[in-house]
Amino acid sequence: MHVVLVGAGIIGLVTAFELHSRGVEVTICDPDPASGASHAAAGMLAPASEIVWGQDPLHALMADSAALYPQLVGRIEQVTGKRPAYRQNPTMVIAAEQADRQALEELQQVRQELGLPSEVLLGSQARRREPALASNIAGALVFAADHQIDPRSLTAILVEYFDSRLVRELVTEVLPAGNGRPAVRTAGGRVIDADQVLLSTGLQQIPGTPALPLRAVYGDILRLDIPGHLQPLITHTVRGLVHRRPVYLVPREDGSIVLGASSREDGNEMVSVEAMYTLLDDARRLVPGIMDASLREVIARARPGTPDDAPIIDRIDPALVVANGFFRHGVLLAPLGARLAADLLLDEPPDERTAALGLRRFATTDTRRNLG
Ligand SMILES: Cc1cc2nc3c(=O)[nH]c(=O)nc-3n(C[C@H](O)[C@H](O)[C@H](O)COP(=O)(O)OP(=O)(O)OC[C@H]3O[C@@H](n4cnc5c(N)ncnc54)[C@H](O)[C@@H]3O)c2cc1C
């Protein structure tokens, strides 16, 4: 069995690793591996602190996938000899002011109804645990099980591991199976035969393949270097609501901090100065010490959003599977998404979770007919 994976973001790469672990031959095509949304992501694995009211099916996927992370990281280390930067530090959600505290209480109620444990702290208690927090914060919730991974470390390990299986070219066409095997054609004119093809190209869609209902939700995100004498500035992932605007600070193993992220649907691929300014201003209200940091990087990338915020994992035709639309949670959902996509590619008995992730859930009667 030979699977060609088109797109080497976190979804394509972790699915390639899953398939490879099951003894499948893989070829991965991408002109610039791990340069899309996966390059920007903070890597919060936050099924509890990121839930949104009314998205229960998505929460279940998020929780299932978070639980798979320790095993995935262990398997990657065993096979490659390199350990991805996975940290099991807790997450603290802060209310900056009394008005934000009310929003926090509402969110806690939602979490309680879903059985997600959190610890409620007064502002003073939160500061005892995280002394760099501002002196006037109104309160906090702690989620011990919301962890993080540096997606760049994970993807870099897999890009290196699959180096000989990587074709660094754009795929311009997927050739249908017809009576023979399916194949992909690259911009350089190569035709690569396959038994199955997986499409995980994020927002870029390949002409001739079924159009996916994706929208670009841009996120600006910063990376800060903290001076040695202030490290570690924070030990929790600190998420906050400042005037009801979300902001987060994720502490990396090397002492740096990832500060994010905006959410824009304005079509601007460049970094937004307004978004960057607002993020910094909101973050310094939670952790004033970031004003002593150096700005290492600021970038913007687009999250591939779907109409219901859940991914699309579906078989499109007998030789073609799609895994896309992971929106805000592609890093978190990668282990589970990879398993579900691999099951589809290998015609394993269907997992009941995949039924809810099909493209048909968005189809009108006409397009449903076209989809067969
Ligand atoms: C600012 C920001 C912060 C985020 N934070 C988090 C977070 O904390 N936690 C979380 O879980 N998620 C987070 N996300 C979301 C997460 O980054 C995405 O859901 C995830 O990266 C999607 O991965 P992907 O592999 O589908 O897409 P991508 O990473 O975009 O990869 C797609 C790949 O396909 C390749 N490609 C495109 N077209 C072709 C073609 N024709 N031929 C070959 N290759 C092609 C591209 O070069 C690219 O490498 C964040 C996103 C952003 C923008």
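Every value quoted in this text rests on a predicted model; they were computed, and no experiment measured them.

Draft legend 1. Here's a closer look at the sheet that holds strand β1 (residues 2–6). Overall, mixed pairing links the six strands, which are arranged β9-β2-β1-β13-β20-β19 in an open sheet. The outermost strands of the open sheet, each flanked by one partner alone, are β9 (166–167) and β19 (312–317). Relative to strand β20 (residues 320–324), β19 runs antiparallel, the two being bridged by five bridges. Paired with I313 across the bridge in β20 is A323.

Draft legend 2. Quick look at the packing of helix α1 (residues 10–21) against helix α6 (residues 151–161). Between α1 and α6, the least distance of the axes is 10 Å, while the angle of their chain directions is 50 degrees. In terms of orientation, α1 lies oblique with respect to α6. Between α1 and α6 lies a crossing of left-handed hand. Note on element contacts: α6 touches α1 through P151, L154, T155, L158, V159 and Y161, opposite I10, L13, V14, F17 and H20. Class assignment for the residues of the contact of α1 with α6 results in nine nonpolar, two polar and no charged.

Draft legend 3. View of the site of the ligand. Around the ligand sit 39 residues in total, of which D30, S38, F327, R328 and L332 are the nearest. The backbone of L332 places a nitrogen or oxygen atom 2.8 Å from an oxygen atom of the ligand. Counting residues per element, the ones that place at least two in the shell around the ligand are α1, α2 (37–40), β14 (215–225), β18 (294–305) and α8 (330–345). For the shell around the ligand, the element with the highest residue contribution is α8, accounting for three residues. Across the shell around the ligand, the residue classes break down as 21 nonpolar, 13 polar and five charged. Split by domain, the shell around the ligand shows at least three residues from each of two domains, domain 1 (2–42 + 152–213 + 308–371) and domain 2 (91–144 + 215–305).

Draft legend 4. Highlighting the domain arrangement of the protein. Assigned domains within the protein: domain 1 (2–42 + 152–213 + 308–371) and domain 2 (91–144 + 215–305). The distance between the C-alpha centroids of domain 1 and domain 2 comes to 32 Å. Taken together, the contacts link 17 residues of domain 1 with 17 residues of domain 2. Both sides of the domain 1 and domain 2 interface together cover about 1,300 Å² of buried area, and 56% of this is carbon and sulfur.

Draft legend 5. Structural view of the layout of surface pockets. Estimates place the volume of the second largest pocket at around 230 Å³. Of all elements in the fold, only α3 (56–80) and β7 (139–143) reach the threshold of two or more residues within the lining of the second largest pocket. With five residues, α3 is the single largest residue contributor to the lining of the second largest pocket. Residue classes in the lining of the second largest pocket are distributed as 15 nonpolar, three polar and two charged.

Definitions and cut-offs
- Position numbers for residues start from 1 in each chain and track the written sequence from start to end.
- Where local features are concerned, this predicted model is filtered to residues with pLDDT of at least 70; where side-chain atom pairs are given and counted, the filter is 80 or more; whole-chain, interface and lining totals use all residues.
- The basis for every side-chain value is the complete set of heavy atoms in the structure, and neither hydrogens nor water enter the calculation.
- At least two bridges found by DSSP between two strands is the condition for calling them paired.
- Helix and strand definitions here come from DSSP, where helices need a minimum of 4 consecutive H or I residues and strands a minimum of 2 consecutive E residues; each element is numbered from the N-terminal end.
- A fitted line through C-alpha atoms represents every axis, and for helices the fit uses only the stretch in contact; the resulting angles, taken between N-to-C directions, go from 0 to 180 degrees.
- To sort the angles, those under 35 degrees are grouped as roughly parallel, those over 145 as roughly antiparallel, those from 65 to 115 as roughly perpendicular, and the leftovers as oblique.
- Less than a right angle of anticlockwise turn of the near helix away from the far helix marks a crossing as left-handed, whereas a clockwise turn marks it as right-handed.
- A contact between two residues is defined here by any heavy atoms of the two lying within 4.5 Å.
- Side-chain classes follow a simple rule in which Ala, Val, Leu, Ile, Met, Phe, Trp, Tyr, Cys and Pro form the nonpolar group, Asp, Glu, Lys and Arg form the charged group, and the remainder, Gly included, forms the polar group.
- Being near a molecule or strand, for a residue, means having at least one of its heavy atoms within 4 Å of it.
- In protein, a polar contact means a hydrogen-donor-capable atom and an acceptor-capable atom, both N or O and within 3.5 Å, with residues adjacent in sequence counting only if both atoms are side-chain atoms; elsewhere, any N or O pair within 3.5 Å suffices.
- For each domain, the first and last residues come from an automatic or database assignment.
- Summed over both partners, the accessible surface that disappears when two parts come together, traced with a 1.4 Å probe, is what is meant by buried area.
- A cavity here means a set of points on a 1 Å grid, drawn over the protein atoms and nothing else, where a 1.4 Å probe fits but cannot get out; a pocket is an open set with protein on both sides within 12 Å along at least five of seven lines, and a residue lines either one if it has an atom within 4 Å of a point.
- Grid points are joined across faces, edges and corners, and a volume is the space filled by probe spheres set on the points.

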